[in-house]
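Fold and contact review
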Amino acid sequence: DAMVIQNPRYQVTQFGKPVTLSCSQTLNHNVMYWYQQKSSQAPKLLFHYYDKDFNNEADTPDNFQSRRPNTSFCFLDIRSPGLGDAAMYLCATSRTGRTDTQYFGPGTRLTVL
Amino acid sequence: GESVGLHLPTLSVQEGDNSIINCAYSNSASDYFIWYKQESGKGPQFIIDIRSNMDKRQGQRVTVLLNKTVKHLSLQIAATQPGDSAVYFCAENPLYNQGGKLIFGQGTELSVKP
């Protein structure tokens, strides 16, 4: 049974055209994370929500935003995608944070034309 | 800066052999470590974790060893199978990361030859 679900699995957008990626979880976890992963690299944390508290990483560009309307859903908004934003975007959840396992979704592969 | 690194970026093993994937970490404040397996085009999959009050933990066909003295972590896979072919990441979570930010190693690609 899928626990962390990401939609769509593949997303194609045009340069500068806003795009939203979706993540949902059935685990009722408090924390939800968004990572960016480029080819042959480790995942890079963009931001995370602890319940409704948003925590941005210092080096995350302003072009990336996030929303968490409820416990189950979290969205990644890319306001003006550039070619350098083409990557796999991974959503993860954990129960309470620091010493709890993070469970990842299957990812959304973003292509920017 | 502090980082988690792997000694070998690629590892090729024969089916049925045991695999050992190594990871060095530099943050002495880390007390929680995780190994993930990532197959091509998929998200990282949790394999096994270990806390710093342990030096060994076993799962199904996998064992994680933690040596805090030399800041070294390893993942042992017994009787490696073709389905084990993937990139393996170690990750650490330092004490100061209240939000659970994982610091990932660079990844090791495991290739299993039939």
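Before any of the text, the structure's been laid out above.
To keep things clear, this report deals only with the structure shown in the data block. (Residues numbered from 1 in each chain as written. Chains lettered and ligands numbered in written order. Predicted model: local features only at pLDDT ≥ 70, side-chain atom pairs only at ≥ 80, totals over all residues. Heavy atoms only, no water.)

**Focus on the overall build of chain B**
Helix and strand counts for chain B come out as zero helices and 11 strands. Taking all 114 residues of chain B together, the buried fraction comes to 46%. Taking contacts inside chain B between residues at least 6 apart in sequence as the whole, the part at least 24 apart equals 54%. Counting every atom, chain B has about 5400 Å² of accessible surface; 47% of that belongs to carbon and sulfur. (Helix = DSSP H or I, 4+ residues; strand = E, 2+ residues; numbered from the N terminus. Buried < 20%, exposed > 50% of the residue type's maximum accessible area, 1.4 Å probe, protein only. Contact = heavy atoms within 4.5 Å. Areas by Shrake-Rupley, 256 points an atom, 1.4 Å probe, with all protein chains shown as cover.)

**Structural notes on the pairing of strand β4 (residues 30–38) of chain B**
All names here are of chain B. Burial analysis of β4 places nine of its nine residues in the buried class, which makes it a mostly covered element. Examined bridge by bridge, β4 and strand β9 (residues 86–94) share seven bridges and lie antiparallel to one another. Paired with isoleucine 34 across the two strands is alanine 91, which belongs to β9. Bridge count between β4 and strand β5 (residues 45–51): six bridges; the pairing is antiparallel. Of the residues in β5, the one forming a bridge with isoleucine 34 is aspartate 49. (Pairing = 2+ DSSP bridges.)

**A word on the environment of Phe75(A)**
All names here are of chain A. One can find phenylalanine 75 in strand β8 (residues 73–78). Taking the C-alpha atoms as reference, phenylalanine 75 lies 6.6 Å from threonine 20; in sequence the two are 55 residues apart. For phenylalanine 75, the residues in contact, after removing those within four places along its chain, are Thr20, Leu21, Ser22, Trp34, Gln65, Ser66, Arg67 and Pro69.

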